[in-house]
Amino acid sequence: KLIPDNVKDLQQAIDDIPQITAKASESEIKEKMLEVALILEGLPRHASTHAAGVVISDKPLVNYLPLYKGKEGETLTQFDMNYVEKLGLVKFDFLGLRNLTVIKNTIELLKKNSKHVPDLNNLDPNDEKTFKLLESGDTTGVFQLESSGMKDLIKKLKPESFNDIVALVALYRPGPLESGMAVNYVERKHGRQEVVYLFDKLEPILKETYGVILYQEQVMKIASVLANYSMADADGLRKAMGKKIQSLMEEHRVLFMKGTKENKLDQKKSKEVFDLMEKFGGYGFNKSHSAAYALISYQTAFLKANYPLEFIAALMTSEMRNTDNIIKFIEECKIHDIKVLKPDINSSDTVFGVYNNAISYGLAAVKNVGQAAVEEIIAAREQEKSFESIYDFCEKVNLSKVNKRVLESLIKCGAFDSVNAKRSQMMAALEEALDYGSRIQKEKNDAQLDLFADTGVGVDIALKPPELPNIEEWEENDLLIYEKEALGFYFSGHPLKKYSNIIQKYCNASSLNINDFSDGKTIRIGGFLKLEKAHKTKKGDMMAFASIDDGQGVVEIVVFQIFI
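Calculation notes
- Residues numbered from 1 in each chain as written.
- Predicted model: local features only at pLDDT ≥ 70, side-chain atom pairs only at ≥ 80, totals over all residues.
- Heavy atoms only, no water.
- Helix = DSSP H or I, 4+ residues; strand = E, 2+ residues; numbered from the N terminus.
- Rg over C-alpha atoms; globule rule 2.2 N^0.38 Å.
- Contact = heavy atoms within 4.5 Å.
- Areas by Shrake-Rupley, 256 points an atom, 1.4 Å probe, with all protein chains shown as cover.
- Lys, Arg positive; Asp, Glu negative; His and termini not counted.
- Charge placed at Lys NZ, Arg CZ, Asp CG, Glu CD.
- Salt bridge = Lys/Arg side-chain N within 4 Å of Asp/Glu carboxyl O.
- Buried < 20%, exposed > 50% of the residue type's maximum accessible area, 1.4 Å probe, protein only.
- Core = buried A, V, L, I, M, F, W, Y, C linked by side-chain atoms within 4.5 Å.
- Phe/Tyr/Trp six-rings, centres within 6.5 Å; stacked < 30°, edge-to-face > 60°.
- Lys NZ or Arg CZ within 6 Å of the ring centre and 35° of its normal.
- Expected span 1.5 Å × (residues − 1).
- Arc of directions from axis to C-beta.
- Pairing = 2+ DSSP bridges.
- Axes fitted to C-alpha atoms, helices over the stretch in contact; angles between N-to-C directions.
- Left-handed = near helix turned anticlockwise from the far one by under 90°.
- Nonpolar A, V, L, I, M, F, W, Y, C, P; charged D, E, K, R; others polar.

A. The arrangement of the overall build of the protein in detail. When you go through the protein residue by residue, the secondary structure sums to 25 helices and 10 strands. By the compact-globule yardstick of 24 Å for 564 residues, the protein is too spread out, its C-alpha radius of gyration being 33 Å. Its C-alpha atoms give the protein principal-axis dimensions of roughly 105 × 75 × 70 Å. Contacts in the protein between residues far apart in sequence, at least 24 positions, make up 56% of those at least 6 positions apart. Total accessible area computed for the protein in this model is approximately 33,100 Å², and 52% of it derives from carbon and sulfur atoms. Here the protein carries 73 positive and 82 negative side-chain charges, and the mean point of each set is 5 Å from the other.

Here is the structure:
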């Protein structure tokens, strides 16, 4: 308890707080405990596993380093990534990207709708629609380019080529943004800032980035051209700069200056170049990495610009379990005048798709409706004709897979609206419909058994479905509340719609952009306040956990009791 939370290590705590030593000296056990603690501090407490790191070797790995079995039986190296690298082994990090699945699903939707399928490996690098979309900052859903800060940078930069997209990925990071590198790049690109090269030899290396040292490869090339660095030494310089290892940087400063002197270059300018490399090299990004990301950025931007229906449908499928992102993409559909159809038992697929030039809502995205239930509904629909009523539905689908809870969610979200009955009527008749369907299915099964038994006795299964109760439809607010219950958000409208002008006038944030505001900034957001849980603090004061629903999403907040 005597050790402060903010000390960097135990020794510092002992030096700063004399009472620790005094307390330890009270007994031999406490002294020994402190002694052992000082020895153990800083040692690895467990062997962690890199989520995507794979080591590749030309010979069995046991020839180079010790191995062991992980908890799941996987083979792991006992050396960490740095020592694996020092041994000369190749280490790859394989990253899984959701965006690649989005691209694949977009292509599948295009094929399904018999539309032209672009060759993603041979896209027009100067596609007019794509660059128009990028210049306008319409990049929601575009890989690496969809944050609000990135959208601002895109609008300022106005990309005109693939190289500009590569630069965008490298520029939008804390270092380049805080150091002014991003501003310099934009200003020089648009001719508002002069591009100056300290040596003529630098122009071929830095011309594409308007004199800004943006990529690690540029640092390596500069060292090679100006100071006769070998590629191995240049890679060492890149690592020293990237990891800001000061001792190595000093060694490279001496090596760099020596090389420029041998090449009879102006030493004052050479020092200036190294200082620039040291300043910006630490922020430098690997260009090959940036280019690989930019390729996926361009592919997703191309698909959004040329096939927005299929692309946004694929995006929504990828985020089926994330209500906030579904809301975000529905807002995107409104911007692009794309209609989103409510779930429909007679036309919707398992996931989001394209139907009648609109996006059809995936049945599996409805709450309480599992994959097995959806597969059963689609199978019954394909085998039989379209469902004509709630009774017809209960007669045709396997009710052991599609239970009462599933049907309630489908009715509430509007998935049964195509049978031309009121939601209130179908909900009131649900128990009766389930009972009717069970009886029909039981009698069908009994009749089949009788046929196999060859008794010659048949069963009359032509039962007539009951009439729906004659009741009024739910009030609009109730309809919306039930939709929200089934989908996670209001679909047909929103109870706040009548207050939209007031909210627009007085609020400066929404649930969609709240994460773009810096910590500590005061914001105004309008919506429904819902108390989630009341709580008493240790001091005895009351506080509460609540949420605000603004029609676009939900924000969790903490409310403290205020006495006036």
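B. Summary view of the pattern of salt bridges. Counted under the stated rule, the structure contains 28 salt bridges. Between K334 and E331 there is a salt bridge; the shortest N-O distance is 3.2 Å. You can see K334 and its partner E331 sitting in helix α18 (residues 323-335), 3 residues apart, about one turn around the helix. Accessibility expressed as a relative area gives 54% for K334, which makes it exposed. With a shortest N-O distance of 2.6 Å, E485 and K412 are connected by a salt bridge. Highlighted residues: E485 in helix α24 (residues 476-487) and K412 in helix α21 (residues 404-413), separated in sequence by 73 residues. Judged by relative accessible area, E485 falls into the partly exposed class, the value being 44%. In this structure, a network of salt bridges that share partners links the residues E85, D235, R238 and K239.

C. Inspection of the nonpolar core at higher detail. Residues M277 and F416 are the most contacted members of the largest nonpolar core, which totals 126 residues. Counting residues per element, this core draws most heavily on helix α16 (residues 287-306), at 8 residues. Not counting chain neighbours up to four residues away, the residues in contact with F416 comprise I345, I390, F393, L407, L410, I411 and M426.

D. How the structure looks around the packing of aromatic side chains. Per the stated rule, a full pass over the model turns up 15 aromatic pairs. Measuring from ring centre to ring centre gives 6.4 Å for F162 and Y298, while their planes differ by 85°; the resulting arrangement is edge-to-face. In this pair, F162 sits in helix α8 (residues 162-171) while Y298 sits in helix α16, placing the two residues 136 residues apart along the sequence. Among the aromatic residues, ring-to-ring pairing joins F352, Y361, F489 and F491 into one connected group. In this structure, K86 packs its charged tip against the face of Y83, placed 5.1 Å from the ring centre. The lysine or arginine in question, K484, covers the ring of Y490, its NZ or CZ lying 5.8 Å from the ring centre.

E. Region of the structure containing α24. Taking 1.5 Å per residue, 12 residues should reach 16 Å; α24 reaches 16 Å between its end C-alpha atoms and fits that length. All buried positions along α24 are accounted for by L479, L480, E483, A486 and L487. Projection of α24 onto a plane perpendicular to its axis shows the buried side chains occupying an angular sector of 125°, all on one side. Among the residues trailing α24, G488 stands out with phi positive, at a value near 95°.

F. Region of the structure containing unusual backbone geometry. Unusually for a residue other than glycine, D337 sits at a positive phi of about 55°. Following the sequence through the fold, D337 ends up in the loop between α18 and β5 (340-341). The backbone of N356 shows a phi angle near 50°, a positive value even though the residue is not glycine. With respect to the secondary-structure elements, N356 resides in the loop between β6 (353-355) and β7 (358-360).

G. Spatial organisation of the sheet that holds β6. What the 3 strands build is an open sheet, ordered β5-β7-β6; its pairing is mixed. Looking along the sheet, the strands with just one partner apiece sit at the ends: β5 and β6. Here 2 bridges tie β5 to β7, and the two strands are oriented parallel to one another. Following the sheet pairing, V340 is matched in β7 by I359. Taken strand by strand, helix α17 (residues 308-318) contacts β6 and β7, and its axis lies near 25° from that of β7.

H. The arrangement of the packing of helix α14 (residues 246-262) against helix α15 (residues 267-281) in detail. As a packed pair, α14 and α15 sit with axes 10 Å apart at the nearest point and diverge in direction by 145°. Judged by the twist between their axes, the crossing of α14 over α15 is right-handed. Seen from α14, the contacting residues are Q246, M249, H252, R253, F256, M257, T260 and K261; seen from α15, they are Q267, S270, K271, V273, F274, D275, M277 and E278. Residues that form the contact of α14 with α15 fall into these classes: 6 nonpolar, 5 polar and 5 charged.

These figures capture arrangement, not role.
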